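What follows is the residue order along each chain.
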Amino acid sequence: MQQVDTLILHSLIVTMDPAGTIIEDGGLAITGTSITAVGSSEVLEQQFQADQTIDAGGGILMPGLINAHVHSGDLLFRGLVPDIELEPWLEQLWVAEGEYVTPENMLLAVQTAMLEMIRGGITTALDMFWYPDIYASAAEKLPFRLITGPVYLTLGGQENNAGQARLEAARAFLDMYRGSELIRPCLMPHGTYTVAPDDLLETWQLAEEYDALLHIHLSETRTEVATVEERYGRRPPAHLDSLGMLSPRTILAHGVHLEQEEIELLTERGASLVHCPVSNLKLASGIAPVPALLETGVPVLLGTDGPASSNDLDLWIVLRFAATLHKAVSGDPVFLPAEQALRMVTSTAAEALGIGHLVGSLEPGKRADVILIDTKKPHLTPLYNVYSHLVYAAGRGDIETVLINGRIVLEKGKFTTIDEAGIIAEVHELGKNIAAFMAAQKTGSRQRTQ
Ligand SMILES: [Zn+2]
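Here goes a summary of the coordinates provided. None of these values were measured; they are calculated from a predicted model.

Time to look at the packing of helix α5 (residues 164-177) against helix α6 (residues 197-209). Running from N to C, α5 and α6 cross one another at 25 degrees; their axes reach a closest spacing of 12 Å. Taken together, the axis directions place α5 and α6 in an arrangement best described as roughly parallel. The crossing of α5 and α6 is right-handed. In this structure, α5 uses Arg-166, Leu-167, Ala-170, Arg-171 and Leu-174 to contact α6, whose residues at the interface are Asp-199, Glu-202, Leu-206 and Glu-209. A breakdown of the residues in the contact of α5 with α6 according to their chemical character gives 4 nonpolar, no polar and 5 charged.

Attention shifts here to the side chain of His-190. Mapping His-190 onto the fold places it in the loop between β10 (183-189) and α6. Within the local environment of His-190, its side chain forms a polar contact with the side chain of Thr-194, the two groups lying 2.7 Å apart. In this structure, His-190 is in contact with Met-128, Tyr-152, Leu-153, Val-195, Ile-216 and His-217, ignoring residues within four places of it in sequence.

This part covers unusual backbone geometry. Between Leu-142 and Pro-143 the backbone carries a cis peptide bond, its omega angle lying at -5 degrees. Along the chain, Pro-143 falls in the loop between α4 (132-141) and β8 (145-148). Cis geometry is found at the peptide bond from Thr-381 to Pro-382, where omega equals -10 degrees. With respect to the element layout, Pro-382 can be found in the loop between β15 (370-373) and α15 (386-392). Even without being a glycine, His-10 presents a positive backbone phi close to 60 degrees. Tracing the chain through its elements places His-10 in strand β1 (residues 2-14). For His-10, a relative accessible area of 27% corresponds to the partly exposed category. For His-254, which is not glycine, the phi dihedral falls at a positive 90 degrees. The residue His-254 is located in strand β12 (residues 250-254) in this model.

Next up on the list: empty space enclosed by the protein. Taken as a whole, this structure holds 2 cavities of 30 Å³ or more when the rule is applied. Size it by volume and the largest cavity reaches roughly 260 Å³. What lines the largest cavity is a set of 21 residues, and nearest its centre among them are His-71, Asp-74, Leu-90, His-190 and His-217. If you tally residues by element for the lining of the largest cavity, the top one is helix α2 (residues 86-100), at 6 residues. A per-class count over the lining of the largest cavity returns 12 nonpolar, 5 polar and 4 charged. Its residues assigned to classes, the lining of the second largest cavity comprises 5 nonpolar, no polar and 2 charged.

Each value, and the rule that gives it
- Sequence order as written defines the numbering, with residues in each chain counted from 1.
- For a predicted model such as this one, the threshold for reporting local features is a pLDDT of at least 70, and the threshold for listing and counting side-chain atom pairs is 80 or more; totals across whole chains, interfaces and linings nevertheless cover every residue.
- Calculated side-chain values reflect all of the structure's heavy atoms, with hydrogen atoms and water omitted.
- Interaxial angles span 0 to 180 degrees and are taken between N-to-C directions of axes, which are lines fitted to C-alpha atoms, for helices over the stretch in contact.
- Numbering of helices and strands runs from the N terminus, with a helix taken as a DSSP run of H or I at least four residues long and a strand as a DSSP run of E at least two residues long.
- Here the angle decides the label: under 35 degrees means roughly parallel, over 145 means roughly antiparallel, 65 to 115 means roughly perpendicular, and every other value means oblique.
- Definitions for this section: a left-handed crossing has its near helix turned counterclockwise from the far helix by less than a right angle. A right-handed crossing has that turn clockwise.
- Contacts are assigned to residue pairs that have any heavy atoms within 4.5 Å of one another.
- Each residue gets one label: Ala, Val, Leu, Ile, Met, Phe, Trp, Tyr, Cys and Pro are nonpolar, Asp, Glu, Lys and Arg are charged, and the others, such as Gly, are polar.
- Between N or O atoms, a polar contact is any pair within 3.5 Å; within protein, one atom must be a potential hydrogen donor and the other a potential acceptor, and residues adjacent in sequence are included only when both atoms are from side chains.
- The buried label applies to any residue whose accessible area, calculated with a 1.4 Å probe on protein chains only, is under 20% of its type's maximum; exposed applies above 50%, and partly exposed to all values in between.
- Definitions used throughout: a 1 Å grid over protein atoms alone; a cavity as a set of points that fits a 1.4 Å probe which cannot get out; a pocket as an open set with protein on both sides within 12 Å along at least five of seven lines; a lining residue as one with an atom within 4 Å of a point.
- Grid points are joined across faces, edges and corners, and a volume is the space filled by probe spheres set on the points.

Any link to function would need more than the numbers given here.
If you want it as structure tokens, here you go:
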């Protein structure tokens, strides 16, 4: 008998491997951070003995989900500015951010966001916000797998360190997390309308030097496209391309307003696009041309966007929107089958983010980022096609147990490494202060205009 740390037995395994292998009454053997074996429970029980054994009780075992676009720090401002357009929404949000984005508050925000994401079966996030070092150390402690890094916003940022100081801070972060097990450093210029060309180029040079991803908003609204066109004489994709910034290391968020030739350009350059349908619908930004993107060959990932814009970090809802919205828009019920949709938050996402060798599927040698879904629920009964269940019926309330990097983080609905109730209480208190500050701002601006 081979000794392993953890055995998970008696589950329906949806591996998301290239062949789409599904194993009934299957399990996993886990040693340290990684998967040692995937197979039938009977065979695993004969081959391995473990320090701890989890009986999955027939639940679905699958790779943890990848949220490819989020701004965790904005969690403090969830629901603060409802139901308005993106640009005035951003203006109000930036007032609140200017006052409350501090290292201490960001720690609370990112911890709460990670709690929310883990409860929702997300084990990896591409997260754009200030103070990436605070994000990274919180993620390492939890643990949680995070792709994050220096944010660039030429209009001024909360860290207030433009120029040489910003470059040094960026290098320090990239040096510190190069080779980290859980943190993958990347460059995060906010957008082509919010970052000057020189600053964009600085992020690109760093991305190339450190062999890192570059994540940027692209063509989210008509106003953004018009602004960039007026300023530089080119639409956002051509503007980025003129700076040499479209490549397989480029991960674009949104891409709502793309023309066919722009989609072809993205394909030629090998860039990937993160579709955020729930955020785009709520802010009335539009509907991204996902059928054309997939047909032309652009890898499409899914993201919740930040909790200030799309209000929750529920990737299951995003997945269901992505899998249904484009069927309705194209009039084609066959478009984007459930398995392919599910790959957008697992294997396809992992490949596009350069971590396909680590996560995105359950295979021997990969890191054990695993979620267990309780299927003893009325809405998951009966079960004929597991992909259909996962995309059209399952939700974050069904997540029972989560392992990240081989470690049990959520066990039967309870966090094992972090004080969830304490953090939630602190954020509620902070929220009262933020509400009072915003109310005072409104009174102040009314007085000024009178
Ligand atoms: Zn965003």
